[in-house]
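Structural overview for review
The lines below spell out each chain.
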Amino acid sequence: MAIERTLSIIKPDAIKRNLTGAIITLIENSDLHIVAQKRIRLTKEQAKTFYAFHKDRPFFDELVDFMLSSPVVVQVLEGESAISVYRNLMGDTDPTRAADGTIRKVFAKSIEENSVHGSDSAIAARVEIAQFFSDNEIVG
């Protein structure tokens, strides 16, 4: 297995409910290491760029507005097979279908307010991490 990095975003719905620490605890109790982390307020341009692959979908503007509604916590997670490990820890996008003990099963309110984002591939992880972190901000 290879050591990988993946991007994690703790989304506005979780931030507003003061769940940052609880989510970080689940991450830290997994086989992942947080090698970069910061709390930021996305700009409209950052949110549109990040979710550009959804730009033709009817929910795009609503998604961008949601991501602007509160600060977020962006993180770089590192570990063996970090992408799949984190995706398993997050659980299904639909919290009603997510496995017990996953972040979304425990904390998400709905498909739209699903508390966290994680990169879905190595290519996406590289692009997403670069959107929020410079190389010197990632320490592990």
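Conventions and cut-offs
- Residues numbered from 1 in each chain as written.
- Predicted model: local features only at pLDDT ≥ 70, side-chain atom pairs only at ≥ 80, totals over all residues.
- Heavy atoms only, no water.
- UniProt positions renumbered as here; feature names shortened; annotations may be inferred.
- Buried < 20%, exposed > 50% of the residue type's maximum accessible area, 1.4 Å probe, protein only.
- Contact = heavy atoms within 4.5 Å.
- Helix = DSSP H or I, 4+ residues; strand = E, 2+ residues; numbered from the N terminus.
- Arc of directions from axis to C-beta.
- Phe/Tyr/Trp six-rings, centres within 6.5 Å; stacked < 30°, edge-to-face > 60°.
- Lys NZ or Arg CZ within 6 Å of the ring centre and 35° of its normal.
- Lys, Arg positive; Asp, Glu negative; His and termini not counted.
- Salt bridge = Lys/Arg side-chain N within 4 Å of Asp/Glu carboxyl O.
- Polar contact = N/O pair within 3.5 Å; in protein donor to acceptor, adjacent residues only side chain to side chain.

With respect to the UniProt feature "binding site: ATP" (unreviewed entry) in the protein chain
Within this numbering scheme, the UniProt entry marks Lys11, Phe59, Arg87, Thr93, Arg104 and Asn114 as carrying the feature "binding site: ATP" (unreviewed entry). In sequence the annotated residues extend across 104 residues, and in space they extend as well, their farthest C-alpha pair lying 22.6 Å apart. On the basis of relative accessibility, which here comes to 35%, the residue arginine 87 falls in the partly exposed class. Those residues within four positions of arginine 87 in sequence are excluded, and the remaining contacts are Gly118, Ser119 and Asp120.

Section: helix α7 (residues 122-132)
All of the buried residues along α7 are Ala124, Ala125, Glu128, Ile129 and Phe132. Buried positions in α7, seen along its axis, are confined to an arc of 125° and lie on one side of it. Facing away from the buried side of α7 by more than 90 degrees, the exposed set consists of Ile123, Arg126, Val127 and Ala130. In this structure, the buried side of α7 is in contact with β1 (3-10), β2 (33-40), α3 (44-50), β3 (72-80), α5 (82-90) and β4 (116-118).

Quick notes on the packing of aromatic side chains
For any two aromatic rings, the description comes down to two numbers: the centre-to-centre distance and the angle of the planes. What the rule picks out here adds up to three aromatic pairs. Taking 4.9 Å as the distance between ring centres and 85° as the angle between the ring planes, the aromatic pair formed by phenylalanine 50 and tyrosine 51 counts as edge-to-face. For the pair phenylalanine 50 and tyrosine 51, a shared accessibility class is recorded, and that class is buried. For the ring pair phenylalanine 50 and phenylalanine 132, a centre distance of 5.7 Å and an interplane angle of 55° mean the geometry is tilted. A residue pair is termed long-range when its members are at least 10 positions apart, and phenylalanine 50 in helix α3 and phenylalanine 132 in helix α7 qualify at 82 residues. The buried category is assigned to phenylalanine 50, whose relative accessible area is 5%. With relative accessibility at 7%, the residue phenylalanine 132 sits in the buried group. Looking at lysine 38, its charged tip hangs above the ring of phenylalanine 133, at a distance of 4.8 Å from the centre.

Some thoughts on the side chain of aspartate 94
For aspartate 94, the position within the fold is in the loop between α5 and α6 (103-107). In this structure aspartate 94 is buried but unpaired, with arginine 97 as the nearest side chain of opposite charge at 4.4 Å. Side chain to side chain, aspartate 94 and threonine 96 meet in a polar contact 2.6 Å long.

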